Amino acid sequence: MRYKSQSVAYWYFAVAMVLFGLQLVFGLLSAAKYLGPDPLLYILPFDVTKVIHTNLLIVWVLTGFMGATYWLIPDESRTELHSVKLAYLQLILWTGMGVTAIIGYLFRYGTGNKLLEQPLPHKIVIVICMLIFLYNISMTIKKSGRFTTTEGVLLIGLFSSAVLFFPALLHYENYTVSIFYRWWTIHLWVEGVWMMIMGSFLAYLLIRLSGADREVMEKWLYVIVGLVFIAGILGTAHHYYWVGVPQYWLPIGGLFSALEPAALAGMAAFAYAAMRRSGLAHPNTLALHWTIGSAVFALFGAGLLGLAHTWPAVNKWTHGTLITAMHGHAAFYGAYAMIVLAMITYVLPKMTNRAENGTTLGYWAFWLQLAGMFGMTLSFATAGLGQVYLERIMGMGYLDAQLKIQVHFLMLIATASVFTVGVALFIYDFFRYRPHFETSEETLVTTTGHERTA
Amino acid sequence: MTNRQARIFAIASTAIAALAFLVLTLDSHRQFGELTNADAITPEVTHGKDVWHKYNCINCHTLFGEGAYYAPDLTKITQHRGDAYLTAYMRDPSKFYDEKIHRRLMPTQDLSEKEIADLIKFLDWVANVDNQGWPPRPITVTGSGMSSGVVAQRQPEGTTPVDAEDDPRAKGEQIFRTAQPGCTSCHSIEPGVDMAGPSLAGMATRAEETLNSPEYEGDATDIEGYIRESIVAPSAHLVPGEMYSSGGTSFMPTGYDESLSEDELSQLTAYLATLK
């Protein structure tokens, strides 16, 4: 750690870890309900566990983004944060918002609008947190006078995330119109501006871990941003299938969604090329696992599994089935959970007394999570395929079809348990070393070629 | 490619994509009114939408295929079930489905009667939105597939088309699959497969038994007459069971005497009378 104020990142990460653990509790509960019968039917029904599961995901991933940004900005701009107090105030407000929202959901206090269920007061707190956050990092950069491309892409990503939240604050009389604008927030976040955030973290990590040339990495980053938006903006159309919008969104969705894997393939290639060209310039090989893992798993989950059901002629049959859950789990985990875990893994040795190259437990956490999530993806895929053929094509009733695919839900729970063990190990590994926030003058490794400095 | 060219690529492609997206958004707004029957969004429909949100329906069900995947899609539910059925269902779902059989059950939501009525109006508005013909085949709640739940809008591929020369019973079978509200979304023709309505397997045999039993109070005197009566006046004789009727009124939709012609009714009756 070079700047004292970077220590705020630790507390953001700590909150993210707790929420991540909680997300899995509600995920497992939801999965168990697929097997049924449900003893908690009138205490904690599926709709409640599910809304908490998805909301915790959004909150913890965003907490991770914020923490990682508070770490990255001082490093890139070579200065202390503008205000540590504001950063803590933001964390307290944000965590308070997240926790009270979850408690509210237990009592069905929410707007019932998928993924944007937060009640209005909570949405306003989200906006306030975003404003504090953007102000704080903008002032930090302004004060230092050093503004890198990585920061630029990150900052535009964060700014746009805040702007795109606004349609979620409005009220729409027409359900179809409300769906139309809901995706401006959700889709343009996850397949647009969050990709910029992911890309900039990826660039930051690759520059540090592989010692790749900054010029080359930042040029790549621009190309990826271009690819993300060519496909991502018009790719919103794949959420406009069958919801009551004009017909032309179908071919547009098909075409531009088919291009979406290009940016993800670009990111994976970008990570791989950096490693090939520059080798490993940093002892933290565990962070490298997470970094490359994120790029590859995002290509698989977001890119390929998205493509698998995005063509209108296919989606006509798969729309609204567990096929979507297959894509959703792998995509979110690969692109966003893993990149946050990569940042955490990179940062932790600098804030806690632990070996740079990662603990044995850390590697177990990585591989168990990967195996578990891969298994969960396959479980959803096989369950979804069964559902599509039985229910949508053969015309079997929904409830009867669900009974026929019970075996896949057993597989889901088994693999989700493996995943949970992986996450539990990660969280345990996170907290088992006390934080110590001493600044040290780290020399940036600038080795190139295949020379290793570990 | 230089750094500058890469930057221009990023900015230009974003700008072009965003511009195209905004133009299409404007054009969509021009068409929303017609596609979604915006005129039909009455205060009741809006209140029904609020009920849909208030009870967090979307985190189990899907609407337009969007939502959670734990409960059936409801996009076209009002085309499969009449108001009487949906009202009774919303009052207490456990009267209709058994958690021991299907391993999941909708918890009773304690909706007020006004909330139920408006929710059904909202769902009916949803069912009439022009959403490019999705779902391509009706999504039913129960049923074993193949012979049930297939309301063919057009002739399914690989089947012999029915034409005017055909046997009335063949034409009746066609009507059974295509009538609206769809017969097959509630009735199967397999023995024991009771859906929202009882299985029609063995219907002719049972009709005969019913006609001979002292409990029958309808006007029919023969099997075809009984079947015809059960189509056009479903409450004339009630099949026992809380999932089929309430307060002496059958949940089966009425109005087939108007939506089907006299010929069609006799063809449908002729077909159903073959189910011995």
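Note that this is a predicted model, so its numbers are computed, not measured.

**Q** Which residues make up the overall build of chain A, and what values go with them?
**A** Summing up its helical and strand segments, chain A has 14 helices and 0 strands in all. Along the chain direction, N to C, the helices and strands of chain A fall in the order α-α-α-α-α-α-α-α-α-α-α-α-α-α. Rg of the C-alpha trace for chain A: 22 Å, near the compact-globule value of 22 Å for 454 residues, within the 12% margin. Projected onto its principal axes, the C-alpha positions of chain A cover 65 × 45 × 45 Å. For chain A, buried positions account for 66% of its 454 residues.

**Q** Describe the packing of helix H12 (residues 360-393) of chain A against helix H14 (residues 406-431) of chain A, naming the residues involved and giving the relevant values.
**A** All names here are of chain A. Packing of H12 against H14 brings their axes to within 7 Å, and their N-to-C directions diverge by 160°. By the angle class used here, H12 and H14 are roughly antiparallel. Considering how the two elements wind past one another, H12 and H14 form a crossing that is left-handed.

**Q** Explain the pattern of salt bridges to me, and be specific about the residues and the numbers.
**A** Residue and element names in this part refer to chain A. For the structure on display, the rule yields 21 salt bridges over all chains. With a shortest N-O distance of 2.8 Å, Glu76 and Arg208 are connected by a salt bridge. Of this pair, Glu76 sits in helix H2 (residues 46-77) while Arg208 sits in helix H6 (residues 175-210); the two residues are 132 residues apart in sequence, bridging distant segments of the chain. Linked by salt bridges that have partners in common, Arg2, Asp75, Glu76, Arg208, Arg214 and Glu218 make up one network.

**Q** Account for empty space enclosed by the protein, naming residues and giving values.
**A** All told, the structure shown has 9 cavities of 30 Å³ or more when counted by the stated rule. In terms of lining residues, the second largest cavity is bounded by 35 residues, among which His61(B), Ala71(B), Leu74(B), Tyr89(B) and Met106(B) are the most central. Listing elements by their share of the lining of the second largest cavity, those giving two or more residues are H2 of chain A together with helix H2 (43-54), helix H4 (83-91) and helix H6 (113-127) of chain B. Examining the composition of the lining of the second largest cavity, we find that 4 residues originate from one element, H4(B), more than from any other. Grouping the amino acids of the lining of the second largest cavity by side-chain chemistry returns 27 nonpolar, 3 polar and 5 charged.

Each value, and the rule that gives it
- Residues numbered from 1 in each chain as written.
- Chains lettered and ligands numbered in written order.
- Predicted model: local features only at pLDDT ≥ 70, side-chain atom pairs only at ≥ 80, totals over all residues.
- Heavy atoms only, no water.
- Helix = DSSP H or I, 4+ residues; strand = E, 2+ residues; numbered from the N terminus.
- Rg over C-alpha atoms; globule rule 2.2 N^0.38 Å.
- Buried < 20%, exposed > 50% of the residue type's maximum accessible area, 1.4 Å probe, protein only.
- Axes fitted to C-alpha atoms, helices over the stretch in contact; angles between N-to-C directions.
- Parallel < 35°, antiparallel > 145°, perpendicular 65-115°, else oblique.
- Left-handed = near helix turned anticlockwise from the far one by under 90°.
- Salt bridge = Lys/Arg side-chain N within 4 Å of Asp/Glu carboxyl O.
- 1 Å grid on protein atoms, 1.4 Å probe; cavity = no way out; pocket = protein on both sides within 12 Å on 5 of 7 lines; lining within 4 Å.
- Points joined across faces, edges and corners; volume = space filled by probe spheres on them.
- Nonpolar A, V, L, I, M, F, W, Y, C, P; charged D, E, K, R; others polar.

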